[in-house]
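# Remarks on the overall topology
In case you want the letters, here they are:
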Amino acid sequence: MNAAVIEVNKVSKSFGGVVANHEVSLAVPEGRITGLIGPNGSGKTTLFNSIVGYHPIDAGSIKFQGEEISNLNVQRIARLGLVRTFQQTRIYGKMNCLENMRISIAHRNAAWRDMFADYSPTIVERAEHLLEFVGLYAKRNLVAGSLSFGQQKLLEFAMALMNEPKVLLLDEPTAGINPTLINGLIDRLQRANSDFGITMFIVEHNMRVIMNMAEHIYCLAHGELLAEGPPATIQNDKRVIDAYLGAH
Amino acid sequence: MSRNSIILHCAILAAGIVAPLLFPGLVFQFAMLWIMILFALTWDVLGGQMGYNSLGNILFFGFGMYICAITQIGMFYNVAEYTAAFGAIKVDFTDQQYYVGLALGLVLAAVACALVAALLSWVLFGLRGPYFAIGTLGAALAAAELTGAWNYVGGGGGISMPVFPGEPGVRSLFFYSLCMAASIACYFFLRWLYGTRFGLALNAIRDDEDKAEAMGLHTNRYKMVAWSISAFFLGIVGGLFGNMTGFIEPMEVAYPTLTFGIFMVAMTLLGGKGTLWGPVIGATLFHVVKEVTWTYLLGWQYVALGLLIIVNVVYFQQGIMGWMQERWPQRFGLVVDSEGAVASRENAP
């Protein structure tokens, strides 16, 4: 197994009396695709939000490339190269696709004067190339809000790639997309992993998708880690099947 | 710039030069028009481009006015003595003292306002949506009250400004030119600004600030600088306006939250927020309607303005430029999906 790029160690998070995550530990190996599954309400999105710094955690530690990040805010973490997409797709609705892409460049080393920088032809070229990659090149000048939901998901994915992340956290990338488009998206996710070397950590409800893509899967239930292992093991794990069927 | 665009800009410039010479009686109104345009342009930086509706931008107008006045007086006299006399002492500024004081005053006003905006942004940008609007309104009202209670600057009694060393006709043309220059400089600065990464970042914050944060954008930095830019230009025009009226006091002249403070918003909404030309068109139309009703419908002027604002907000939210963009999208470089067929193209393997 490659070195872990994200190490989550005994992370707990409660909202009032509701325990969303209880001592969850997991590791995302570099360069691989790792999956996170679990029934509704099992704490997957909470764990995602904890990792990207959306809210403080109650206990535990989260390390990114060996550095503790649980005390950093969202922007700082994103600038380290840990970028997430949202379950409810979020794009800049009133800007066109190319503008969405251009403003999504990595802000890792942005100095104050870069605020007033022009966009170099290289950036525009890369934006167009990535739009081509997700199949939105023909729509590059359309206002992003006018795209269909599936297209917005693709645009959000392209924006994430534009940010040159080291790790991409995808929250249900195929939710709400029609089955034809899903195959295309899986293919692109895998190519982003293999061609661009981006580590991926994916929350997914669609078992067909996650079993095909992930090399290693973690399963949460009731806020705790229930099982982990390669897809074949998880698929046949009785505890996982029970959790999904509601035997708990 | 396209050829038509150059012609348009030159025509406006020519009108700006010729109008005060043709109608010498209206020079003050024309100067006010340039100020109004600047009000709307600077309000739109946050309100239109960034999606933060500030009701307190007038704070920088008043603050700039006072900084400019204090500089003009303080360079050559004791400010406390000057203001304590409430204009009863006759202080003669030499020509050189006047112009040097004014120039330095305007520069300091602009810089000080930008700094105040940067400081305030630490506190106020923690608020979003309507809370930001109320917070900024509170800041403006507080500034007015604090100034009114501060005797060093004359408190509620105000300050009589140094007298312009020249003929009244020359004086009005002098300030007219400065207002016009400030407004035009502001326009071209914003025009350039919106073309850089800054413009896109502001729009990104407007469309989805959480997303912008999740993408690692330095949102606080952009918000702070955006407000400072607004404040910079408002400070200049505040200093100018104080000198044009000749007398400044906190409530009606320096921090007129209920008139200029609201006009900024109304003008931008009328013209179409989030566009470069919207504020210019909106301010012009609004100012003309305002002056006409003030002249011919005295007593009903606020009813007329109120009606204009209500119709604008209820039936015409996108404003004039917004409406034109919807009507003729291609002309504005917007592309619409004419056939839904394009949507399925990418589904093919």
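Residues numbered from 1 in each chain as written. Chains lettered and ligands numbered in written order. Predicted model: local features only at pLDDT ≥ 70, side-chain atom pairs only at ≥ 80, totals over all residues.

### Section: the overall build of chain A
Put simply, the test is: Runs of H or I in DSSP of at least four residues are treated as helices and runs of E of at least two as strands, each being numbered from the N terminus. Only C-alpha atoms enter the radius of gyration; for comparison, a globular chain is expected to reach 2.2 Å times N to the power 0.38, where N is the number of residues. Neighbour counting defines burial: a residue surrounded by 20 or more other C-beta atoms within 10 Å of its own C-beta is buried, one with 12 or fewer is exposed, and intermediate counts give partly exposed, using backbone-placed C-beta atoms. Two residues qualify as a contact pair if the distance between their C-beta atoms, derived from the backbone, is within 7 Å.
Along the backbone of chain A there are nine helices and ten strands. Taken over the C-alpha trace, chain A has a radius of gyration of 18 Å; the compact-globule value for 248 residues is 18 Å, and the two agree within 12%. Reported as C-alpha extents along the three principal axes, the dimensions of chain A are approximately 55 × 40 × 35 Å. Per-residue burial over chain A gives 46% buried out of 248 residues. Long-range pairs, those at least 24 residues apart, make up 68% of the contacts in chain A between residues at least 6 apart in sequence.

### Remarks on the overall build of chain B
Looking only at helices and strands, chain B features 15 helices and two strands. The globule rule puts the C-alpha radius of gyration for 349 residues at 20 Å, and the 22 Å found for chain B is close to it. When the 349 residues of chain B are sorted by exposure, 46% land in the buried category. In chain B, once contacts between residues fewer than 6 apart in sequence are set aside, the share between residues at least 24 apart is 79%.

### Some words on helix 6 (residues 179–196) of chain A
Residue and element names in this part refer to chain A. This is how the line gets drawn: One less than the residue count of a helix, multiplied by 1.5 Å, gives the span that helix is expected to have. Summarising the geometry, the arc corresponds to the directions from the helix axis toward the C-beta atoms.
In a regular helix each residue adds 1.5 Å, so 18 residues correspond to 26 Å; helix 6 covers 25 Å between its end C-alpha atoms and thus fits that length. Those residues of helix 6 lying buried are Leu181, Leu185, Leu189 and Ala192. Buried residues along helix 6 cover an arc of 80° about the axis, so they all sit on one side. In helix 6, those exposed residues whose orientation departs by more than 90 degrees from the buried face are Pro179, Asp187, Arg191, Ser194 and Asp195. One or two steps after helix 6, the chain reaches glycine 197, where phi turns positive at roughly 65°.

### Overview of the sheet that holds strand 8 (residues 199–203) of chain A
By way of backbone hydrogen bonds, the strands of a sheet pair with one another, either parallel or antiparallel. Residues and elements named next belong to chain A. Our working rule: When DSSP locates at least two bridges between a pair of strands, those strands are taken to pair. For helices, the fitted line uses only the C-alpha atoms of the stretch in contact; every axis is such a line through C-alpha atoms, and the angle between N-to-C directions lies from 0 to 180 degrees.
Judged by pairing direction, the sheet is mixed, and its six strands sit side by side in the order 6-7-8-3-9-10 without closing on themselves. This sheet does not close on itself; its edge strands, each paired only once, are strand 6 (82–84) and strand 10 (224–229). Taken over all neighbouring pairs, the strand axes of this sheet differ in orientation by 20° on average, direction set aside. With five bridges joining them, strand 9 (residues 216–221) and strand 10 adopt antiparallel strand pairing. Its bridge partner being in strand 10, cysteine 219 is matched across the sheet by alanine 227. Those strands touched by helix 1 (residues 44–51) are strand 3 (33–37), strand 6, strand 7 (167–171), strand 8 and strand 9, and its axis lies near 150° from that of strand 7. Each of strand 9 and strand 10 is contacted by helix 9 (residues 238–245), which is oriented at about 130° to strand 10, the strand it contacts most.

### Re the interface of chain A and chain B
Put simply, the rule is: Residue polarity follows a fixed list, in which Ala, Val, Leu, Ile, Met, Phe, Trp, Tyr, Cys and Pro are nonpolar, Asp, Glu, Lys and Arg are charged, and the others, Gly among them, are polar.
Of the residues lining the interface, 38 residues belong to chain A; the matching set on chain B comes to 28 residues. Of all the elements in the fold, those that place two or more residues in the side of chain A that touches chain B are helix 2 (74–80), strand 6, helix 3 (97–102) and helix 6 of chain A. Considering every element that reaches the side of chain A that touches chain B, the biggest residue donor is helix 2 of chain A, with four residues. For the side of chain A that touches chain B, the class distribution of residues is 19 nonpolar, ten polar and nine charged.

### Some remarks on unusual backbone geometry
Look at lysine 10 of chain A: it is not a glycine, yet its phi comes out positive at around 50°. Relative to the assigned elements, lysine 10 of chain A resides in strand 1 (residues 4–15).

### Overview of the pairing of strand 7 of chain A
All names here are of chain A. Within strand 7, five of the five residues are buried, which leaves the element mostly enclosed by the surrounding structure. Residues Val167, Leu169 and Asp171 of strand 7 are buried on one face, and the alternating residues Leu168 and Leu170, pointing to the opposite face, are buried as well. Bridge analysis of strand 6 against strand 7 gives three bridges, and the strand direction is parallel. Looking at the pairing, valine 83 lines up with leucine 168 of strand 7. Examined bridge by bridge, strand 7 and strand 8 share five bridges and lie parallel to one another.

### Remarks on the nonpolar core
This is how the line gets drawn: One nonpolar core equals one set of buried Ala, Val, Leu, Ile, Met, Phe, Trp, Tyr and Cys residues connected by C-beta atoms within 7 Å. Annotation comment: domain bounds sourced from an automatic or database domain assignment.
Core analysis: the largest hydrophobic core is formed by 176 residues, its most contacted members being Ala158 of chain A together with Met36, Phe39, Cys113, Cys179 and Val237 of chain B. Top contributing element to this core by residue count: helix 2 (residues 27–50) of chain B, with 16 residues. A domain-level breakdown of this core finds at least three residues from each of domain 1 (1–81 + 165–248) and domain 2 (86–164) of chain A. The contact partners of cysteine 179 of chain B, leaving out residues within four places of it in the chain, are Ala31, Trp34, Ile35, Val237 and Leu240 of chain B.

### Remarks on the confidence of the model for chain B
Residue and element names in this part refer to chain B. Our working rule: Here pLDDT means the predictor's own confidence in every residue, given as a number from 0 to 100.
Per-chain confidence: chain B averages 90 in pLDDT, with 95% of residues scoring 70 or above. Predicted confidence for residues 338–349 stays below pLDDT 50, and this span has nine contacts to residues more than four positions away or in other chains. Per the prediction output, this complex has pTM 0.90; the corresponding ipTM is 0.90.

### Notes on the packing of helix 8 (residues 197–207) of chain B against helix 10 (residues 219–245) of chain B
Residue and element names in this part refer to chain B. In plain terms, the rule: When an angle is under 35 degrees it counts as roughly parallel; over 145 it counts as roughly antiparallel; between 65 and 115 it counts as roughly perpendicular; any other value is oblique.
Interaxial distance between helix 8 and helix 10 falls to 10 Å at its minimum, and their mutual angle equals 110°. As judged from the angle between their axes, helix 8 and helix 10 are roughly perpendicular. Along its contact with helix 8, which presents Phe198, Ala201, Leu202 and Ile205, the element helix 10 presents Thr219, Tyr222, Lys223 and Ala226. Partitioning the contact of helix 8 with helix 10 into residue classes produces six nonpolar, one polar and one charged.

### Looking at helix 6 (residues 130–148) of chain B
Residue and element names in this part refer to chain B. In this model helix 6 runs 27 Å from its N-terminal to its C-terminal C-alpha over 19 residues, within 8% of the 27 Å that 1.5 Å per residue would give. What helix 6 keeps buried is the set Phe132, Thr136, Ala139, Ala140, Ala143, Ala144 and Thr147. Along helix 6, the residues classed as buried sweep out an arc of 130° about the axis, all on the same side. Structural note: helix 6 exposes Pro130, Tyr131 and Leu146 on the side pointing more than 90 degrees away from its buried face. The elements touched by buried residues of helix 6 are helix 3 (58–74), helix 5 (95–124), helix 11 (250–254) and helix 12 (260–271).

### Side note on the environment of alanine 192 of chain A
Turning to its location among the elements, alanine 192 of chain A is positioned in helix 6. Those residues in contact with alanine 192 of chain A that sit more than four places away from it in its chain are Leu161 and Ile198 of chain A.

### Side note on the domain arrangement of chain A
By a frequent convention, interface size equals the accessible area lost on bringing the separate parts together. Residues and elements named next belong to chain A. The domain boundaries assigned to chain A delineate domain 1 (1–81 + 165–248) and domain 2 (86–164). Each of domain 1 and domain 2 was reduced to a C-alpha centroid, and the two centroids are 24 Å apart. It is helix 6 that contributes the most residues to the side of domain 1 that touches domain 2, six residues altogether.

### Details of the sheet that holds strand 5 (residues 67–68) of chain A
All names here are of chain A. Reading across the sheet, the four strands line up as 2-1-4-5 and stay open at both edges, with antiparallel pairing between neighbours. Looking at which strands have only one partner, the edges of the open sheet turn out to be strand 2 (18–29) and strand 5. Two strands pair when backbone bridges link them, and strand 1 and strand 4 (residues 59–64) are joined in this way by five bridges, in the antiparallel orientation. Across the sheet, residue isoleucine 6 finds its bridge partner in strand 4, namely phenylalanine 64.

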